[in-house]
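Read off the chains here:
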Amino acid sequence: MKEWWKALEKREQRIVLWGGVIVILLILYFGLLSPMQDKVATLQKSVSNNTSLLVWMKQAKSEVKRSEKNRVNSASNRSKSLLTVVDSSIKQKKLSASVTEIKQVNKSQVQVKLGEVRFESLIAWLQQLQSRDGVNISKITLRRTETEGIVSADAVLVRAGT
């Protein structure tokens with residue numbers, strides 16, 4: 001090999017030397033650098049996918065907790081009388097001032113009469129009763145008042161499933 005190298009002219013030696021350097025650089029790039037870049041890109045995509053999955057899982061976790069809490073509340077409210085559940089939800093939603101009458105019609109029904117109440121507050125209260133406490137509306141009558149957004153209501157409420 002030394003004899004071959006010495007037999008080359010200086011110009012040819014430089015060409016072979018630079019060619020060797022270029023070949024070594026190409027081997028390093030295609031053998032090491034390019035595969036590492038591909039792996040990094042794959043890992044970055046994986047991290048991005050896993051991050052979005054983590055965000056979704058955190059949201060799902062909070063929904064599950066909320067659902068479990070509602071189920072526990074609903075189960076504990078099942079042991080209470082319907083009148084007690086309705087009365088406590090009225091107090092919680094601060095509608096007590098609007099209630100003119102609340103009475104147990106029979107074991108599975110409660111009648112609530114509300115004087116003047118904001119329509120949005122009434123709907124929010126009824127929605128909470130249904131979703132959290134498992135209480136549905138059997139019958140409801142709404143009457144307009146002279147004030148916009150204010151109604152009077154007469155509702156018969158029943159426990160879901162009865």
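Given the structure is predicted, the values throughout are model-derived calculations rather than measurements.

1. With respect to the nonpolar core
Note on soluble globular proteins: their nonpolar side chains tend to be buried together.
Part 1: If you look at the biggest cluster of nonpolar residues, it comprises 18 residues, and the most contacted ones within it are Val-86, Val-112, Leu-114, Leu-122, Trp-125 and Leu-157.
Part 2: Looking at this core, the elements with two or more residues in it are helix H3 (82-92), strand S2 (109-118), helix H4 (119-133) and strand S4 (150-159).

2. Description of the sheet that holds strand S1 (residues 99-106)
Part 1: Across the sheet, which stays open at both edges, the four strands sit in the order S1-S2-S4-S3 with antiparallel pairing between neighbours. This sheet does not close on itself; its edge strands, each paired only once, are S1 and strand S3 (135-144). Neighbouring strand axes in the sheet, compared pairwise and without regard to direction, differ in orientation by 15° on average.
Part 2: Sheet topology note: the S3/S4 ladder contains nine bridges and is antiparallel. Bridging across to S4, Lys-139 finds its partner in Val-156.

3. Notes on the packing of aromatic side chains
Part 1: A full pass over the atoms with the stated rule returns one aromatic pair.
Part 2: Note on Tyr-29 and Phe-30: the rings are 4.9 Å apart at their centroids and 85° apart in plane angle, and the pair reads as edge-to-face.
Part 3: Residue Tyr-29 is classed as partly exposed on the basis of its relative accessible area of 35%.

4. Quick notes on unusual backbone geometry
Part 1: Even without glycine at this site, Lys-94 takes up a positive phi of about 60°.
Part 2: As for its position among the elements, Lys-94 is in the loop between H3 and S1.

Calculation notes
Residues numbered from 1 in each chain as written. Predicted model: local features only at pLDDT ≥ 70, side-chain atom pairs only at ≥ 80, totals over all residues. Heavy atoms only, no water. Core = buried A, V, L, I, M, F, W, Y, C linked by side-chain atoms within 4.5 Å. Buried < 20%, exposed > 50% of the residue type's maximum accessible area, 1.4 Å probe, protein only. Helix = DSSP H or I, 4+ residues; strand = E, 2+ residues; numbered from the N terminus. Pairing = 2+ DSSP bridges. Axes fitted to C-alpha atoms, helices over the stretch in contact; angles between N-to-C directions. Phe/Tyr/Trp six-rings, centres within 6.5 Å; stacked < 30°, edge-to-face > 60°.

That's the geometry; what it means functionally is another story.
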